[in-house]
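# Summary of the model geometry
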Amino acid sequence: QAAAMPLTTVTAYESLYDRLLLSEKDKGKTLLIINSAGGVGSVASQLAKNLGLKVIGTASRTETEAFSLQHGADIVLNHTKDLLPQLEAHGYKNGVEYILVNYDPYPYWDTIISAAKAQGKICLIVDSSGLVDIRQLKDKSLTLVSEMMATKIKYETEDKIRYHEIFEDVTRMFEAGILKSTLTKTMSPINAENLKEAHRLLEEKKVIGKIVLSGF
Ligand SMILES: *[C@@H]1O[C@H](CO)[C@@H](O)[C@H](O)[C@H]1NC(C)=O
């Protein structure tokens, strides 16, 4: 269960706490997570929920919608359809305070700008497949931040110790049951056959949660 978590959890944690600067003072505010059923999304939704935020996710299949609801989302929108009318139908005509984009931001850019409330914050974690227009941020005084989990190591930043603090904090949260593992499948033993099968499943792009290989 622990092996399934580090990569997604560090990304989700840094996005929420260190980039969007969420804290308990944000209780009652709303975080929209585009692609909330994926690895990072399903941890970010739990972390945000724990801080008292309202979490709106997006998914497209009944199974991913259910997975997202089980991992902290209060509402799950259907991302195969325009998100704006769906947000409006849930009472978010003026947008949401925070948006975490766990997907290529390029096709979503106009939607993201419209869905952000004035003075809101947007965090990107996936490379954009095209150029986006940052001029659109100004009118609503929006803040755009990026998260890349290995930055502190790659650039030897002064706050590298932060990884230690994050792991301590999330370990506490897992042990207290505040966070649950997103492990959904374990394959054993660790051999070429299982490695190939696990990879084949991932390539189908239908896997929900994490696959772990265990035991030699
Ligand atoms: C999302 O919308 C698509 C297209 O209308 C539909 O096929 C799919 O079943 C919807 N998903 C959910 C979970 O309702």
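Everything numeric in this text was worked out from a predicted model, so none of it was measured.

A separate point is the site of the ligand. Residues in close proximity to the ligand include S60, R61, T62, E65, N78, T80 and K81, which together make up its full environment. In the environment of the ligand, an oxygen atom lies 2.3 Å from a nitrogen or oxygen atom belonging to the side chain of N78. Here the ligand loses 49% of its free accessible area of 360 Å² to cover by the protein chains. Looking at the shell around the ligand, its residues break down into no nonpolar, four polar and three charged.

Glancing now at the packing of aromatic side chains. Going through the model one piece at a time under the given rule, you end up with two aromatic pairs. Judged by centre distance (4.2 Å) and plane angle (15°), the rings of Y13 and Y17 are stacked. Remark: Y17 and Y13 occur in helix 1 (residues 6-19); sequence separation between them is four residues, near one turn of the helix. A ring pair is formed by Y103 and Y108, whose centres lie 5.7 Å apart and whose planes are at 90°; its orientation type is edge-to-face. Of the residues examined, Y108 reaches a relative accessible area of 12% and is grouped as buried. Here K152 stacks its cationic end above the ring of Y163, 5.3 Å away from the centre of that ring.

Looking now at the pattern of salt bridges. One pass over the full model with this rule turns up 15 salt bridges. In this structure, K29 and D26 form a salt bridge, with 3.4 Å as the shortest nitrogen-oxygen distance. What emerges from the salt-bridge pattern is a single network uniting E14, D18, K152, R162 and E165.

Right, let's talk about the packing of helix 1 against helix 7 (residues 162-175) for a bit. Across the interface, helix 1 lies against helix 7 with an axial gap of 10 Å and an inter-helix angle of 105°. For the element pair helix 1 / helix 7, the angle class is roughly perpendicular. Listed contacts from helix 7 to P6, T9, V10, Y13, E14, Y17 and D18 of helix 1 are R162, Y163, I166, F167, D169, V170, M173 and F174. Tallied by class, residues from the contact of helix 1 with helix 7 come to ten nonpolar, one polar and four charged.

For the rest of this paragraph, the subject is the pairing of strand 7 (residues 183-187). When strand 7 meets strand 8 (residues 210-213), the two strands line up parallel, connected through four bridges. Within strand 8, the position partnered with M187 by the bridge is L213. Read as a crossover between parallel neighbours, the route from strand 7 over helix 8 (residues 192-203) to strand 8 is right-handed.

The rules we used
Residues numbered from 1 in each chain as written. Predicted model: local features only at pLDDT ≥ 70, side-chain atom pairs only at ≥ 80, totals over all residues. Heavy atoms only, no water. Near = heavy atom within 4 Å. Polar contact = N/O pair within 3.5 Å; in protein donor to acceptor, adjacent residues only side chain to side chain. Areas by Shrake-Rupley, 256 points an atom, 1.4 Å probe, with all protein chains shown as cover. Nonpolar A, V, L, I, M, F, W, Y, C, P; charged D, E, K, R; others polar. Phe/Tyr/Trp six-rings, centres within 6.5 Å; stacked < 30°, edge-to-face > 60°. Helix = DSSP H or I, 4+ residues; strand = E, 2+ residues; numbered from the N terminus. Buried < 20%, exposed > 50% of the residue type's maximum accessible area, 1.4 Å probe, protein only. Lys NZ or Arg CZ within 6 Å of the ring centre and 35° of its normal. Salt bridge = Lys/Arg side-chain N within 4 Å of Asp/Glu carboxyl O. Axes fitted to C-alpha atoms, helices over the stretch in contact; angles between N-to-C directions. Parallel < 35°, antiparallel > 145°, perpendicular 65-115°, else oblique. Contact = heavy atoms within 4.5 Å. Pairing = 2+ DSSP bridges. Right-handed = clockwise from strand over helix to strand, strands pointing away.

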